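# Overview (structure and organization)
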Amino acid sequence: ETGVTQTPRHLVMGMTNKKSLKCEQHLGHNAMYWYKQSAKKPLELMFVYSLEERVENNSVPSRFSPECPNSSHLFLHLHTLQPEDSALYLCASSRGTGGLLAKNIQYFGAGTRLSVL
Amino acid sequence: TQLLEQSPQFLSIQEGENLTVYCNSSSVFSSLQWYRQEPGEGPVLLVTVVTGGEVKKLKRLTFQFGDARKDSSLHITAAQPGDTGLYLCAGVVYGWGKLQFGAGTQVVVTP
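The following refers to the structure shown. (Residues numbered from 1 in each chain as written. Chains lettered and ligands numbered in written order. Predicted model: local features only at pLDDT ≥ 70, side-chain atom pairs only at ≥ 80, totals over all residues. Heavy atoms only, no water.)

### Side note on the nonpolar core
By size, the foremost hydrophobic cluster in this structure holds 23 residues, and its most contacted members are B:Leu19, B:Leu32, B:Trp34, B:Phe63, B:Leu74, B:Ile76 and B:Val107. Once residues lying within four places of it in the same chain are set aside, the contact partners of B:Val107 are B:Leu11, B:Leu19, B:Val21, B:Asp83, B:Thr84, B:Gly85 and B:Tyr87. Counting 22 residues, the second largest nonpolar core, distinct from the first, contains A:Leu11, A:Met32, A:Trp34 and A:Phe64. (Core = buried A, V, L, I, M, F, W, Y, C linked by side-chain atoms within 4.5 Å. Buried < 20%, exposed > 50% of the residue type's maximum accessible area, 1.4 Å probe, protein only. Contact = heavy atoms within 4.5 Å.)

Structure representation (C-alpha cells):
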C-alpha cells in the first residue's frame, strides 16, 4: 500500500465514450502527477499539479483533461479517445516540485489499465 | 529531453545467478532513483543515489551511481523468483525535480 489509490483498476471504453480516472493520495503531499505507461517505452509525464495548480502539460492531446480540486485528489477526464491511447495510466504524488528538490521521491498508485476499442 | 537508456531490455536467469542492469545517459542528473514494478502494480521506489560514485546496498541488491552522475547500475546477487519484475531507473532533472524515466528492464528469475 503506497498511500496512492487509483480507480478504476481496469477500464474498457469505446472511442465515443466519456469516462474519468480518479486518484487519491493520503500522504499529505502537495504535488500530483499523471503518467502514461506503454509497453517498452519510458513513462511519459502528462500533467503535473502543484498546490492544485497545473504546472506542466507535456503537449498532451485535448481529449485528456485533468482536474485537481484539492491537493489530495486528481482526476483525468477522457473523451473521444483513440485506440493508441490504450495504456496503463499511473498517478503519483510527491511532497513538492521544483526548487532544489534533489530527490523528489514520487509514490505511485497501482494504475488504471485502459483499453480503447 | 534528457534520455535514459536501460540495458538489457529483458533478462531471464535461473535462481541463484547474478545479474546487472545498466542505466546510461549523456546528461547529468541531480540524483537517480531505481524502482521495481510488478504486474498489476505501480512502480515502487527501491533506492535513491545522490552523490557521484555512491554505492548503496539493499540486502542482495547493490546500486551504484557513476562518478559523473550520468549513469547507474543495479546488481542483484543470488537472484530469487521474488526479484522478478520490471526495473526502472529515473533521473531527477536539475532545478525542476522532474523524473526522466528509462524504458525499463524486465527481469524474470525462474526456480
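### Re the interface of chain A and chain B
Contacts between chain A and chain B engage 24 residues on the former and 23 residues on the latter. Carbon and sulfur atoms make up 56% of the area that chain A and chain B hide from each other, which totals about 1,800 Å². Our enumeration of links across chain A and chain B arrives at 0 salt bridges. Linking chain A to chain B there are 2 residue pairs in polar contact (both at pLDDT 80 or more). Looking at the side of chain A that touches chain B, the elements with two or more residues in it are strand S4 (31-37), strand S5 (44-50) and strand S9 (87-94) of chain A. For the side of chain A that touches chain B, the class distribution of residues is 12 nonpolar, 7 polar and 5 charged. (Buried area = accessible area lost by both parts, 1.4 Å probe. Salt bridge = Lys/Arg side-chain N within 4 Å of Asp/Glu carboxyl O. Polar contact = N/O pair within 3.5 Å; in protein donor to acceptor, adjacent residues only side chain to side chain. Helix = DSSP H or I, 4+ residues; strand = E, 2+ residues; numbered from the N terminus. Nonpolar A, V, L, I, M, F, W, Y, C, P; charged D, E, K, R; others polar.)

### Remarks on the environment of B:Ser7
Residues and elements named next belong to chain B. The topology assignment puts Ser7 in strand S1 (residues 5-7). C-alpha separation for the pair Ser7 and Tyr22, spaced 15 residues apart in sequence, amounts to 5.2 Å. Sequence-distant contacts of Ser7, that is, excluding residues within four places in its chain, are made with Val21, Tyr22 and Thr105.

### A closer look at the environment of A:Val55
Residue and element names in this part refer to chain A. Inspection of the secondary structure puts Val55 in strand S6 (residues 53-57). A relative accessible area of 44% means that Val55 is categorised as partly exposed. For the pair Val55 and Ala31, spaced 24 residues apart in the sequence, the C-alpha separation amounts to 9.7 Å. With residues near it in sequence (within four places) discarded, Val55 still touches Val48 and Ser50.

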